[in-house]
Amino acid sequence: ASSDSGFYLGIDLATSVSGEIKAENTDTDYENTNDIDTRTTAVLIGYKTESNNRFQISRAKVKVNYSGGADDELSGTDFDWHIVYLDCVVQPYGGIGFGVYTLEDSAEAFDNDSDLRGVSFQLMGGAKFDVHEHVELDLSYRVKSIGWEKISMDNGYYTETVQLSHSYSSLNFGAAFKF
């Protein structure tokens, strides 16, 4: 393993272990939750520091399947920091990050002029496998929560304000090419 600093490019694939969408009516304190399954594909660029930590930016597409049969697609950009503990073949790490997301094709569903936008927060833990001088694999468990902007809906009699959030945990597998 090398502790040389440098850039890397990669791909990350994930499938959810558990997840839910929560809709909360902020006017009446009514809350409704529903189970979700997610599949994520992300491309990433990162920088490995001399202390073996990582800063990375990734562009992700998330397919969300709801327990009722409907589905959605989310797209976003994540900014993550990985704190790597060893400099050998197997390198355990923990991480934290945030992101900005869009709920695709939601403008017409919520009578808005634009798709819903949200902010994510994520925690992660896993291991990096230094399999070659230029190739690194990543296996991790991640937890992400996305809070969406408030939605005002007019049902003909009064206006309701709803706050949506997607929360899920996932198993991730990634591969990166180090320069």
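Residues numbered from 1 in each chain as written. Predicted model: local features only at pLDDT ≥ 70, side-chain atom pairs only at ≥ 80, totals over all residues. Heavy atoms only, no water.

Draft legend 1. A look at the nonpolar core. With 17 residues, the main nonpolar core has Leu74, Tyr101, Trp148 and Leu164 as its most contacted residues. When residues of this core are traced back to their parent elements, those giving at least two are β2 (30–48), β3 (54–66), β5 (90–103), β7 (135–148) and β9 (159–178). Tallying contributions element by element places β3 first for this core, with four residues. (Core = buried A, V, L, I, M, F, W, Y, C linked by side-chain atoms within 4.5 Å. Buried < 20%, exposed > 50% of the residue type's maximum accessible area, 1.4 Å probe, protein only. Helix = DSSP H or I, 4+ residues; strand = E, 2+ residues; numbered from the N terminus.)

Draft legend 2. Spatial organisation of the pairing of β2. Inspection of the sheet shows strand β1 (residues 6–25) paired to β2 by 16 bridges, in the antiparallel sense. Bridged to Tyr8 within β2 is Gly46. Where β1 folds back on β2, the antiparallel hairpin that results is connected by four residues, among which Asp29 adopts a positive phi of roughly 60°. Relative to β3, β2 is paired through 13 bridges, and the arrangement is antiparallel. Each residue of the ladder has a partner; that of Lys48, found in β3, is Arg54. (Pairing = 2+ DSSP bridges.)

Draft legend 3. Here's a closer look at the pairing of β1. Note: β1 against β9, 17 bridges, orientation antiparallel. In the strand pairing of β9, Glu20 is matched with Ser167.

Draft legend 4. Region of the structure containing a negative patch on the surface. Taken together, the side chains of Asp4, Glu50, Asp87 and Glu133 make up a negatively charged region of the molecular surface. By secondary structure assignment, the location of Asp4 is in the segment before β1. (Patch = residues over 30% accessible without salt bridge, like charges linked within 9 Å, V, L, I, M, F, W, Y side chains within 5 Å. Areas by Shrake-Rupley, 256 points an atom, 1.4 Å probe, with all protein chains shown as cover. Salt bridge = Lys/Arg side-chain N within 4 Å of Asp/Glu carboxyl O. Lys, Arg positive; Asp, Glu negative; His and termini not counted. Charge placed at Lys NZ, Arg CZ, Asp CG, Glu CD.)

Draft legend 5. Here's a closer look at the packing of aromatic side chains. In total, this model carries four aromatic pairs according to the counting rule given. Arranged with centres 6.0 Å apart and planes meeting at 5°, the rings of Phe55 and Trp81 form a pair that is stacked. Of the two residues, Phe55 is situated in strand β3 and Trp81 in strand β4 (residues 71–84); the sequence distance between them amounts to 26 residues. Residue classification places Trp81 among the partly exposed positions, given a relative accessible area of 36%. In this structure, Lys128 is placed above the aromatic ring of Tyr93, and the distance from its NZ or CZ to the ring centre is 4.4 Å. (Phe/Tyr/Trp six-rings, centres within 6.5 Å; stacked < 30°, edge-to-face > 60°. Lys NZ or Arg CZ within 6 Å of the ring centre and 35° of its normal.)

Draft legend 6. Quick look at a nonpolar patch on the surface. A surface patch of nonpolar side chains, amounting to about 1100 Å² of accessible area, comprises Phe7, Leu9, Ile45, Tyr47, Ile57, Phe79, Phe98, Val100, Val119, Phe177 and Phe179. Those elements giving two or more residues to the nonpolar patch turn out to be β1, β2 and β5. Counting through the fold element by element, Phe179 comes out in the segment after β9.

Draft legend 7. Highlighting unusual backbone geometry. Phi at Asn52 is positive, roughly 75°, even though this residue is not glycine. Locating Asn52 in the fold gives a position in the loop between β2 and β3.

Draft legend 8. Looking closely at empty space enclosed by the protein. This structure, assessed with the given rule, holds two cavities of 30 Å³ or more. Of the volumes computed, that of the largest cavity is approximately 200 Å³. As for the largest cavity, its lining consists of 20 residues, of which Asp12, Asp78, Arg142, Lys144 and Asn172 are closest to the centre. Where the lining of the largest cavity is concerned, the elements lending two or more residues are β1, β2, β3, β4, β6 (116–132), β7 and β9. Sort the elements by how many residues they give to the lining of the largest cavity and β3 lands first, with four residues. Of the voids in this model, the second largest cavity is the one considered here, and its volume is about 110 Å³. Leu44, Gln56, Lys128, Asp138 and Ala176 are the residues nearest the centre of the second largest cavity, which is lined by 13 residues in total. Where the lining of the second largest cavity is concerned, the elements lending two or more residues are β1, β7 and β9. (1 Å grid on protein atoms, 1.4 Å probe; cavity = no way out; pocket = protein on both sides within 12 Å on 5 of 7 lines; lining within 4 Å. Points joined across faces, edges and corners; volume = space filled by probe spheres on them.)

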